[in-house]
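Each chain, letter by letter, is given below.
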Amino acid sequence: MSSVSGFSGDETAPFFGFLGAAAALVFSCMGAAYGTAKSGVGVASMGVMRPELVMKSIVPVVMAGVLGIYGLIIAVIISTGINPKAKSYYLFDGYAHLSSGLACGLAGLSAGMAIGIVGDAGVRANAQQPKLFVGMILILIFAEALALYGLIVGIILSSRAGQSRAD
């Protein structure tokens, strides 16, 4: 259905698409912020006892920061896919983009929580027993993988937009 303004598709559909872009960025950045803050507290606490290990213990902070980039990637993919004046944009497309953003954003939020908790406890434990470093890094990698799964699913779901009808 087309209106006088040149808009084609469902007029409320872009709302859901933009909501998906916002959800991807906001939730991923919330996870990144929590992970950075929580593990940063552990690094600061550990740095009082063992200042020579501060740079080695910054790994959880960096890994948490990457989560925000995942949300940014999905938000850019979604927002570039919303152009109802160039191509019809239906509710199916809006829902695909919404689910894409939620998948990436909520996976990033949960991964950030895991990275923060493991990073905080891990760097403190590493200050007391250096043999725990490799185990901490492995746990952090598995927590980061959760966000990567959300990114992959988000890309797949976002690619489904535009396949609802043959234009």
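Refer to the preceding data block for the structure.
Residues numbered from 1 in each chain as written. Predicted model: local features only at pLDDT ≥ 70, side-chain atom pairs only at ≥ 80, totals over all residues. Heavy atoms only, no water.

Novice: Can you walk me through the pattern of salt bridges in this structure?
Specialist: Opposite charge on two side chains lets them pair, provided their charged atoms get close. Applying the stated criterion across every chain, the model contains three salt bridges. R50 serves as the salt-bridge partner of E52, at 2.7 Å between the closest nitrogen and oxygen. Judged by its relative accessible area of 53%, E52 falls in the exposed class. Given the relative accessible area of 27%, R50 is considered partly exposed. A salt bridge links R124 to D120; its shortest N-O distance comes to 2.7 Å. On the criterion of helical spacing, the pair formed by R124 and D120 is a turn pair, its members being four residues apart in helix α3 (residues 91–128). On the basis of relative accessible area, R124 is assigned to the partly exposed category, the value being 31%. Taken together, the shared-partner salt bridges connect K38, D120 and R124 into one network. (Salt bridge = Lys/Arg side-chain N within 4 Å of Asp/Glu carboxyl O. Buried < 20%, exposed > 50% of the residue type's maximum accessible area, 1.4 Å probe, protein only. Helix = DSSP H or I, 4+ residues; strand = E, 2+ residues; numbered from the N terminus.)

Novice: Please explain the packing of helix α1 (residues 13–49) against α3 as it appears in this structure.
Specialist: Packed helix pairs are characterised by how far apart their axes lie and by the angle those axes make with each other. With their axes 7 Å apart at the nearest point, α1 and α3 run at an angle of 5° to one another. Taken together, α1 and α3 sit at an angle that is classed as roughly parallel. (Axes fitted to C-alpha atoms, helices over the stretch in contact; angles between N-to-C directions. Parallel < 35°, antiparallel > 145°, perpendicular 65-115°, else oblique.)

Novice: Please explain a nonpolar patch on the surface as it appears in this structure.
Specialist: A cluster of nonpolar side chains, L146, L148, Y149, I152 and I156, forms an exposed patch at the surface whose accessible area comes to about 470 Å². Since its relative accessible area comes to 43%, I152 is described here as partly exposed. (Patch = residues over 30% accessible without salt bridge, like charges linked within 9 Å, V, L, I, M, F, W, Y side chains within 5 Å. Areas by Shrake-Rupley, 256 points an atom, 1.4 Å probe, with all protein chains shown as cover.)

Novice: Please clarify how the environment of M46 should be interpreted in this entry.
Specialist: By the secondary structure assignment, M46 is in helix α1. Separated by 80 residues in sequence, M46 and N126 place their C-alpha atoms 8.7 Å apart. Not counting the four nearest positions on each side in its chain, M46 is found in contact with L53, V54, S57, V123, R124 and A127. (Contact = heavy atoms within 4.5 Å.)

Novice: What's the story with the side chain of S100 in this structure? I'm lost.
Specialist: The topology assignment puts S100 in helix α3. In terms of polar contacts, S100 uses its side chain to reach the backbone carbonyl oxygen of G154, at 2.6 Å. If we ignore the near neighbours within four places in the chain, the residues touching S100 are I74, I78, G154, I155, L157 and S158. (Polar contact = N/O pair within 3.5 Å; in protein donor to acceptor, adjacent residues only side chain to side chain.)

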